[in-house]
Amino acid sequence: CEQAKGFSLCGLANAACDKACVDEVKKTCPVTCGLLAEATSGHLDPPSDYGKRLPSAAAEAICSTCADRPDLPCCHNHPHEDGRRHLSESCTDAIISATPTIRNPDPATFKWELTYYKCWGSWTLVKPPAASNLECVEYRTGYLTVPLDYDASQPTSKVSLELRVSAK
């Protein structure tokens, strides 16, 4: 619960920990999630659920962020020791920045398949050299894989769709 509070998973849904994940954190850590951040720093008088094990989705979101950024203050068992809790970048910002974006997609769910260019009304798969002075616009096409249903209790959640995505 301590790390969930540090990563703002008591109320901030994102791609790493969606609404269902945040709801599970709130159920597992009601005391810690109900306190202000200042009230949970240090181990002198920790809340009763402070050391409770997190639901797997929340733990996975935190572990993947910490694997990428082990220097973050909330990635340690005792983040208040040696001043690490006071680093400039917050754990909340880090977990959000670790979330896949269109510029940095998750290869398990999205892949750019084709890059092509439109130069003066003509289409080409090869980018013309800069020396050619052609005015070109880059286009991309890729595929996003999504479940038919996001509710894991439904059989349709095991069916995936591939959606074609184009970008300029």
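Residues numbered from 1 in each chain as written. Predicted model: local features only at pLDDT ≥ 70, side-chain atom pairs only at ≥ 80, totals over all residues. Heavy atoms only, no water.

Moving on: the overall build of the protein. The secondary structure content of the protein amounts to 5 helices and 4 strands. Here the protein, with 168 residues, has 29% of them falling under the buried criterion. The contacts in the protein between residues at least 6 apart in sequence include a share of 49% that link residues at least 24 apart. (Helix = DSSP H or I, 4+ residues; strand = E, 2+ residues; numbered from the N terminus. Buried < 20%, exposed > 50% of the residue type's maximum accessible area, 1.4 Å probe, protein only. Contact = heavy atoms within 4.5 Å.)

Sheet strands pair by backbone hydrogen bonding; their relative direction is either parallel or antiparallel. Pairing is antiparallel in the open sheet, where 4 strands are placed in the order 2-1-3-4. Among the strands making up the open sheet, the edge pair consists of strand 2 (122-124) and strand 4 (160-167). Within the sheet, the average angular offset between the axes of one strand and its neighbour, ignoring direction, is 25°. Examined bridge by bridge, strand 3 (residues 136-147) and strand 4 share 8 bridges and lie antiparallel to one another. Within the sheet, the bridge partner assigned to Val-146 lies in strand 4 and is Leu-161. (Pairing = 2+ DSSP bridges. Axes fitted to C-alpha atoms, helices over the stretch in contact; angles between N-to-C directions.)

Quick look at the pairing of strand 3 now. The two faces of a sheet get side chains in turn, since along a regular strand they alternate between them. The pairing of strand 1 (residues 110-119) with strand 3 spans 9 bridges and is antiparallel. Residue pairing in the sheet places Lys-118 in a bridge with Val-137 of strand 3.

So, on to helix 4 (residues 56-68). Since one α-helical turn is 3.6 residues long, residues separated by three or four positions face the same way. Between its first and last C-alpha atoms helix 4 spans 18 Å; for 13 residues at 1.5 Å apiece the expected length is 18 Å, and the two agree. For helix 4, the complete set of buried residues consists of Ala-58, Ala-61, Ile-62, Thr-65 and Cys-66. Looking straight down helix 4, one finds that the buried residues subtend no more than 125° of arc, so they occupy a single side. Facing away from the buried side of helix 4, by more than 90 degrees, are the exposed residues Ser-56, Glu-60, Cys-63, Ala-67 and Asp-68. (Expected span 1.5 Å × (residues − 1). Arc of directions from axis to C-beta.)

A few words on the confidence of the model for the protein. Overall, the predicted model of the protein reaches an average pLDDT of 77, with 76% of residues at or above 70. Across residues 78-89, confidence stays below pLDDT 50; counting only partners more than four residues off in sequence or on other chains, it has 24 contacts. (pLDDT = per-residue confidence, 0-100.)

We now examine helix 2 (residues 19-28). By the burial criterion, the buried members of helix 2 are Cys-21, Val-22, Val-25 and Thr-28. In a view along the axis of helix 2, the buried residues occupy a sector of 125°, so they form one face of it. For helix 2, the exposed residues set more than 90 degrees away from the buried face come down to Lys-19 and Lys-27. The elements touched by buried residues of helix 2 are helix 1 (2-6), helix 3 (30-33) and helix 4.

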